[in-house]
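# Geometric and topological summary
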Amino acid sequence: MTTVLPAPVSADAPAEERRSRITSLERSDRIYRSVLRASGVAVLTVMGLVGLFLAIRGGEALHKGGFAFLTTQAWDPDAGNFGIAGVLVGTILIALVAIFFALPLSVGTALYISEYAPRKLQRTLISIVDLMAAVPSVVYGLWGLFFLQGHVQGLARWISTYFGWIPFLQVDGVDRDNALVDVTVYGSSAFIAGMVVALMVTPIACSVMREAFMQAPAGEREGAFALGATKWGMIRSVVLPFGKGGIIGGMMLALGRALGETIAVYLIISIVFTIQPDVLHAGAGQISSLIALRFGEASQFGLSALMAAGLALFLMTLVINFAASSVVARSRSGAESD
Amino acid sequence: MTALYEHPPAGLWDVTAPIAPAPSYASPPPATFCPQTTADDQPEPRRNTGMVHQRDILALGGSIIAAVSTTMLLFNFLAPWSGKIGFVAVAFGLFLGFYALLVSTEERGPAVRDRVIAALVHGVAFVLLLALVFLIGFTFERGWSALQHWNFYHQDLANAGPLEPMEVGGIRHAAIGTLWMIAIALAITVPLGIACAMFLNETRGAFTRFVRTIVEAMTALPSIVAGLFILATWILILGRGKSGLAAALALSVMMLPIIIRAADVVLRLVPGNLKEASLALGAGQWRTAWHVVLPTSRSGLATAVILGAARGIGETSPVLLTAGYTTYTNTNPLAGDMTSLPLAAFKLVSSPQNSFIARGFGAGATLLALVLILFIAARIIGGRGPGNLTKRQQRRVAAVSQQDLARFARREAGLEPEEQSAEGAGRRLLSMPVVTSLKVRRRMPTRLPVPKSLPRPKGRRRE
């Protein structure tokens, strides 16, 4: 076998001209790229404007309110007495009630769709869950106000009667021995609003979890079965650990949505501005409901104060959303996507 | 049972035995043997590999009956409980207990846990489904007294006083408002959103990353804050007044990040080798985007847009802040108050009049029907990943394949000369099953060289 050696390069031979690998773009491509860039800049401008405007206008109110903005339990901006302590706690309470109900519902449904449902039904079920996410929030609000409230008041009374010793579940000012007590004291509460919000956020959480569960590697599933695991044993040792990131991330996404939900909650609760820790008792606070209630009569400064409240809500949701996406991205099931 | 093979001579597998000389056969034994079936060899009865046994069904049915009976006993005689939801909850709890008890008479711990959890998971999924059914059913039931009158769809509420019967008044004004708002919002968000998603996908760099972060952050923006922003800028600072346009702008601010995120995910699914193939064939970036990336992800993009539209249509809070509320028809989105279906539903049910509440439910039901239609459209148009063809597309691809087969046969037989036209060759080379509408052929200067010596697969399309 002969090897062809490269001809010796003599020093005085002219070096081959290096070809430039940078090609100039065609005119259409240049236009295309500039259009893309322009759209990116436009979106950035809009989003930046929203954030900036919110910060500037909200900043005015924050500057005037100072630290008391976070501790005051009243909303009277024109008298200088305003703060989000009550509505902030209310917002978090409603979201926590929602998560309390949404967690088992969404994990169970996601497990059902990915593990138990017949293959033929799977696509249909996924569509139905997605449809639930697309149902308008005002419809959920109507349902919660006119249907669920009547059915849940009795349950709320029962819980508060027997579990009233748990701090969050007591209802004050009710004579328990009086059989004719008006159940409306158990309506319009954070508990009912939270239940409705739970139904609204369950589909969101459920689809994130289902994605994660379905990606659990078949080899590990079969390995678990081959070692003699029952279906639940397989789920507990393979699917759930694999989808842990999906569960946490989906729940946090749901929490973000639950914090910002407006109209369904606004229809159900009667807003109070003080801290109301009893979730079963009528009256609850929520930031976005506060905005919906007070925007009409707000002065310039009142609007700034509402913007500050909106800013607080936005920052809270933002932190939770970023935490959720980082949890999903770091988990094993989310390693492929973002 | 018949032996499928003859046993090897004894001692062959015995490694301790002294090595015997290889047995000599008159003729080499056949490598495989035909199983010799005899007349009495009945086919083996098929084993039931199903997982459902009679005792499982008995346990399930028995525990359901026991649970319902016990719950009825509790609710009617023993405990001071009432209510349908409570009944179902207690019955389900008791059912799980009875089921565990019944199963544990036959199975051991892990199997009992498996059964109980399977029942629990089924129950939870059923609860969610039931909630959706109740939600839709209740809305249509309460709205039926309004929905059954034809005037509900072609009149507005201007003449409907609190005491007017259902024969007067409808939601035409709200439907028109909703259509205007969503049309304007889509006209803004679809081009901008898809272009921005393309920007995020097609370019690299610090600026792209920054835009992506901001868009992700903005998905967290509560919708009412989007309304507040438009209220404070467009209406109060610019002094334009509440109008359909203002509401559409608020909806756009809310929908833009949703559509960008969804389109971004869809565009990322376009296979990289399709893009590379197009670029390698000499198409520029713009042509690649227009003829390869967008057609491939068309169904996914349509789904993203429709789902974004469904979110936008159903959103109440930005509209509440920016559109005002009217009971008369306003067809001009640029000036004057306007209302939308969710806003009308919201305002109407806040009224103490039963007739208005029924109309509010009617508006909610109409909205729900609209979202349902949009959703089904999204499922029909989209719902398939790139490369998954519909039945019709599959038939078309198969027909093209048949044509090619016939053409190859003719050419082999020498009936048809080799094609010289670059266009035809390019079309066949590029009309891959994934992208049926790929149109890069005009940029194909010459036919791609195909080595003559290699055997070409007949009648089979390149994958």
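Quantities reported herein were computed from a predicted structural model and do not represent experimental measurements.

## Looking at the overall build of chain A
- Each helix and strand in chain A was counted, giving twelve helices and two strands.
- Within chain A, the fraction of its 338 residues that count as buried is 53%.
- Residue pairs in contact within chain A that sit at least 24 positions apart in sequence constitute 75% of those at least 6 positions apart.

## Section: the overall build of chain B
- Of regular secondary structure, chain B possesses 16 helices and zero strands.
- Burial statistics for chain B: of 463 residues in total, 41% are counted as buried.
- Look at the contacts in chain B between residues 6 or more apart in sequence, and 68% of them connect residues 24 or more apart.
- When the accessible surface of chain B is totalled, it reaches about 26000 Å², and 63% of it is carbon and sulfur.

## Describing a positive patch on the surface
Residues and elements named next belong to chain B.
- A contiguous patch of positive charge, built from Arg298, Lys391, Arg392, Arg395 and Arg396, is present on the exposed surface.
- Ranked by the residues each element gives to the positive patch, the list is headed by helix H15 (residues 391-412), at four residues.
- A relative accessible area of 64% places Arg392 in the exposed class.

## Comments concerning the nonpolar core
- Formed by 195 residues in total, the largest nonpolar core has its most connected members in Trp75 and Phe191 of chain A.
- Examining the composition of this core, we find that 16 residues originate from one element, helix H3 (residues 85-116) of chain A, more than from any other.
- Leave out the neighbours within four places in its chain, and Phe191 of chain A touches Val97, Phe101, Val152, Leu155, Ala156, Ile159, Val279 and Leu280 of chain A.
- Counting nine residues, the second-largest nonpolar core is a separate cluster that includes Ala67, Phe95, Val103 and Val112 of chain B.

## Side note on the interface of chain B and chain A
- On the chain A side, the residues contacting the 85 residues of chain B number 77 residues.
- One can count zero salt bridges joining chain B with chain A.
- On the surface where chain B and chain A come into contact, there are five residue pairs in polar contact (both at pLDDT 80 or more).
- The class makeup of the residues in the side of chain B that touches chain A is 60 nonpolar, 15 polar and ten charged.

## Thoughts on helix H7 (residues 223-237) of chain B
All names here are of chain B.
- Between the first and last C-alpha of H7 there are 20 Å, a value that for 15 residues agrees with the 21 Å anticipated at 1.5 Å per step.
- Remark: the principal bend of H7, roughly 30°, maps to Leu231.
- Most of H7 is tucked away: 13 of the 15 residues are buried.
- Once H7 ends, the next one or two residues include Gly239, with phi positive near 65°.

## Concerning the packing of helix H1 (residues 27-65) of chain A against H7 of chain B
- Relative to each other, H1 of chain A and H7 of chain B sit at 80°, their axes nearing to 10 Å. Of the possible angle classes, the one that applies to H1 of chain A and H7 of chain B is roughly perpendicular. Where H1 of chain A abuts H7 of chain B, its residues Leu49, Val50, Phe53, Leu54 and Arg57 of chain A lie against Val225, Phe229, Ala232, Thr233 and Ile237 of chain B.
- Split by residue class, the contact of H1 of chain A with H7 of chain B holds eight nonpolar, one polar and one charged.

## Describing a nonpolar patch on the surface
Residue and element names in this part refer to chain A.
- Judged by side-chain polarity, Leu155, Trp158, Tyr162, Phe163 and Trp165 come together as a nonpolar surface patch covering roughly 550 Å² of accessible area.
- Relative to the helices and strands, Tyr162 is located in helix H5 (residues 137-163).
- Among the residues examined, Tyr162 registers a relative accessible area of 48% and is labelled partly exposed.

## Here's the deal with the pattern of salt bridges
Residues and elements named next belong to chain A.
- Scanning the model with the defined rule gives ten salt bridges over all chains in all.
- Its salt-bridge partner being Glu60, residue Arg57 comes within 4.0 Å of it at the nearest N-O pair. A residue pair is termed a helical-turn pair when its members lie 3 or 4 positions apart in one helix, as Arg57 and Glu60 do in helix H1 at three residues.
- Residue Arg57 is classed as buried on the basis of its relative accessible area, which comes to 9%.

## As for the confidence of the model for chain B
Residues and elements named next belong to chain B.
- Put simply, chain B has an average pLDDT of 78, and 79% of its residues get 70 or more.
- Contacts of residues 420-426 to residues separated by more than four positions or lying in other chains number six contacts, the stretch itself having pLDDT below 50.
- A low-confidence stretch, residues 428-463 stays under pLDDT 50, and its non-local contacts, those more than four residues away or across chains, total 62 contacts.

## Description of the packing of H1 of chain A against helix H8 (residues 244-268) of chain B
- Following both chains from N to C, one finds H1 of chain A and H8 of chain B inclined at 130°, their axes separated by 11 Å at the closest point. Between H1 of chain A and H8 of chain B, the interaxial angle falls into the category oblique. As for how H1 of chain A packs across H8 of chain B, the hand of that crossing is left-handed. Where H1 of chain A approaches H8 of chain B, its residues Val43, Val46, Met47 and Val50 of chain A are matched on the opposing element by Val253, Leu256, Pro257 and Ile260 of chain B.
- Residue composition of the contact of H1 of chain A with H8 of chain B, by class: eight nonpolar, no polar and no charged.

## With respect to the packing of aromatic side chains
- With the rule as written, the count across this model stands at 21 aromatic pairs over all chains.
- Ring centres of Tyr32 of chain A and Trp286 of chain B lie 5.6 Å apart, and the angle between their planes is 50°; on these two criteria the pair is classed as tilted. With Tyr32 of chain A in helix H1 and Trp286 of chain B in helix H10 (residues 285-296), this pair bridges two chains.
- Judged by centre distance (5.1 Å) and plane angle (70°), the ring pair of Phe146 of chain A and Phe361 of chain B falls under edge-to-face. Remark: Phe361 of chain B occurs in helix H14 (residues 354-381) and Phe146 of chain A occurs in helix H5; the pair is interchain, linking two chains.

## Things to note about the environment of Pro222 of chain B
- Topologically, Pro222 of chain B is positioned in the loop between helix H6 (206-218) and H7.
- Spatially, the C-alpha atom of Pro222 of chain B lies 9.6 Å from that of Ser317 of chain B, the residues being 95 residues apart in sequence.
- Excluding its chain neighbours within four sequence positions, the residues that come into contact with Pro222 of chain B are Gly260, Leu313, Phe314 and Thr317 of chain A.

## Re the side chain of Thr71 of chain B
All names here are of chain B.
- Within the secondary structure, Thr71 is located in helix H1 (residues 54-78).
- A polar side-chain atom of Thr71 sits 2.5 Å from the main-chain carbonyl oxygen of Ala67.
- Setting aside chain neighbours within four positions, we find Thr71 in contact with Phe87, Val90, Ala91 and Leu94.

## Here we look at the environment of Leu267 of chain B
Residue and element names in this part refer to chain B.
- Along the chain, Leu267 falls in helix H8.
- In this structure, the C-alpha to C-alpha distance between Leu267 and Val293, residues 26 residues apart in sequence, is 7.3 Å.
- In contact with Leu267, other than residues within four places in its own chain, are Ala197, Met198, Asn201, Val293, Ser297 and Leu301.

## Structural notes on H10 of chain B
- The complete set of buried residues in H10 of chain B reads Thr288, Ala289, His291, Val292, Val293 and Thr296 of chain B.
- Of the surrounding elements, those touching the buried residues of H10 of chain B are H1 of chain A together with helix H5 (172-202), H8, helix H9 (272-280) and helix H11 (298-314) of chain B.

## Describing the side chain of Ser114 of chain A
- Mapped onto the elements of the fold, Ser114 of chain A is located in helix H3.
- By relative accessible area, which is 5% here, Ser114 of chain A ends up buried.

Analysis parameters
Residues numbered from 1 in each chain as written. Chains lettered and ligands numbered in written order. Predicted model: local features only at pLDDT ≥ 70, side-chain atom pairs only at ≥ 80, totals over all residues. Heavy atoms only, no water. Helix = DSSP H or I, 4+ residues; strand = E, 2+ residues; numbered from the N terminus. Buried < 20%, exposed > 50% of the residue type's maximum accessible area, 1.4 Å probe, protein only. Contact = heavy atoms within 4.5 Å. Areas by Shrake-Rupley, 256 points an atom, 1.4 Å probe, with all protein chains shown as cover. Patch = residues over 30% accessible without salt bridge, like charges linked within 9 Å, V, L, I, M, F, W, Y side chains within 5 Å. Salt bridge = Lys/Arg side-chain N within 4 Å of Asp/Glu carboxyl O. Lys, Arg positive; Asp, Glu negative; His and termini not counted. Charge placed at Lys NZ, Arg CZ, Asp CG, Glu CD. Core = buried A, V, L, I, M, F, W, Y, C linked by side-chain atoms within 4.5 Å. Polar contact = N/O pair within 3.5 Å; in protein donor to acceptor, adjacent residues only side chain to side chain. Nonpolar A, V, L, I, M, F, W, Y, C, P; charged D, E, K, R; others polar. Expected span 1.5 Å × (residues − 1). Bend = angle between axes of the 7 residues up to and from the residue. Axes fitted to C-alpha atoms, helices over the stretch in contact; angles between N-to-C directions. Parallel < 35°, antiparallel > 145°, perpendicular 65-115°, else oblique. pLDDT = per-residue confidence, 0-100. Left-handed = near helix turned anticlockwise from the far one by under 90°. Phe/Tyr/Trp six-rings, centres within 6.5 Å; stacked < 30°, edge-to-face > 60°.

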